[in-house]
Amino acid sequence: MSAAGSQESQRSQEDDYERAGLAGQLTPGTSPALLLVDPARAYVDPACPLYAGAGAEDAAKAMRELLSMARRAGIPVIVTRVVLRPDGSDGGVFYRKVPSLRVFAEGSPYGDFIEGLAPTDTDLTVTKQYPSAFFGTALSTYLTSQGLDTLLIAGLTTSGCVRATALDAMQHGFVPVVVEEAVGDRDARVHEANLFDIRHKIGEVWGMGRVEAYLARGGI
């Protein structure tokens, strides 16, 4: 399909979703936090079976910039990681479905944070075994107790843990804003399809510039 044809198809798709009532918008609140979902070496190391290619590498660069923005703005930062028992038993059905999750066994170097994206002592680190940062963790309780209402979501991968986390954020009553340049996946088509779906059914998808302006206004 030509570029013009692709653009026309996208406009038609957008029009169809709008007619179906799938074009609503969420307004982020005034108390945001940054959530980095699984910025793990596994996704940027070509030796790892979960390596997600250029999509993850580009996202990691954007995540570093986004993290700097968040620190300048003084908003809370939350970073998730996956740590599993050696036999994967705490990963349950998810581990059985995705055997390559073995790379996140406790002590594996692939579970290490990507350079420049490790949490500091003042950040919240959330350890999880399943896709969503909310499932089986105290994340929702933490956000509520801190009076936070909006999550700026970045991380890896778009179709997996990012999408699952954005969905659960919405279901727990927090406005999810997925930062477009700061998420990535192993397949660009899957990445784009999931961003499209998130934008129409789950939350907002913003570019870095819009996020920077939002933070500069104090989250208003």
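Here we summarise the structure given alongside this text. (Residues numbered from 1 in each chain as written. Predicted model: local features only at pLDDT ≥ 70, side-chain atom pairs only at ≥ 80, totals over all residues. Heavy atoms only, no water.)

**As for the overall build of the chain**
Summing up its helical and strand segments, the chain has 7 helices and 6 strands in all. In the chain, the order of α-helices and β-strands from amino to carboxyl end is α-β-α-β-α-β-α-β-α-β-α-β-α. Taking 220 residues into account, the globule formula puts the C-alpha radius of gyration at 17 Å, and the chain, at 17 Å, falls close to it. Within the span of the chain, comprising 220 residues, buried residues form 45% of the whole. Counting contacts in the chain only where the partners sit at least 6 residues apart, residues at least 24 apart contribute 77% of the total. Of the side chains in the chain, 20 bear a positive and 27 a negative charge, and the two mean positions are spaced by 3 Å. (Helix = DSSP H or I, 4+ residues; strand = E, 2+ residues; numbered from the N terminus. Rg over C-alpha atoms; globule rule 2.2 N^0.38 Å. Buried < 20%, exposed > 50% of the residue type's maximum accessible area, 1.4 Å probe, protein only. Contact = heavy atoms within 4.5 Å. Lys, Arg positive; Asp, Glu negative; His and termini not counted. Charge placed at Lys NZ, Arg CZ, Asp CG, Glu CD.)

**Describing the packing of aromatic side chains**
Inspection of every chain in the model, using the stated rule, returns 6 aromatic pairs. For the pair phenylalanine 94 and tyrosine 130, a centre-to-centre distance of 6.3 Å together with 25° between the ring planes defines the contact as stacked. Linking phenylalanine 94 in helix H3 (residues 92–97) with tyrosine 130 in the loop between strand S3 (124–128) and helix H4 (139–145), this pair joins segments that are 36 residues apart in sequence. Judged by relative accessible area, which is 22%, phenylalanine 94 ranks as partly exposed. Aromatic side chains phenylalanine 134 and phenylalanine 174 sit 6.2 Å apart centroid to centroid with 20° between the ring planes, which places their arrangement in the stacked category. Here the residue phenylalanine 134 occupies a position in the loop between S3 and H4, and phenylalanine 174 occupies one in the loop between helix H5 (158–171) and strand S5 (175–184), the gap between them amounting to 40 residues. Exposure class is identical for phenylalanine 134 and phenylalanine 174. Each is buried. (Phe/Tyr/Trp six-rings, centres within 6.5 Å; stacked < 30°, edge-to-face > 60°.)

**Observations concerning the packing of helix H2 (residues 53–73) against helix H7 (residues 208–216)**
At a minimum axis separation of 10 Å, H2 and H7 run at an interaxial angle of 10°. Taken as axis vectors, H2 and H7 run roughly parallel relative to one another. Along its contact with H2, which presents Ala62, Glu65, Leu66, Met69, Ala70, Arg72 and Ala73, the element H7 presents Met208, Val211, Glu212 and Leu215. The class makeup of the residues in the contact of H2 with H7 is 8 nonpolar, no polar and 3 charged. (Axes fitted to C-alpha atoms, helices over the stretch in contact; angles between N-to-C directions. Parallel < 35°, antiparallel > 145°, perpendicular 65-115°, else oblique. Nonpolar A, V, L, I, M, F, W, Y, C, P; charged D, E, K, R; others polar.)

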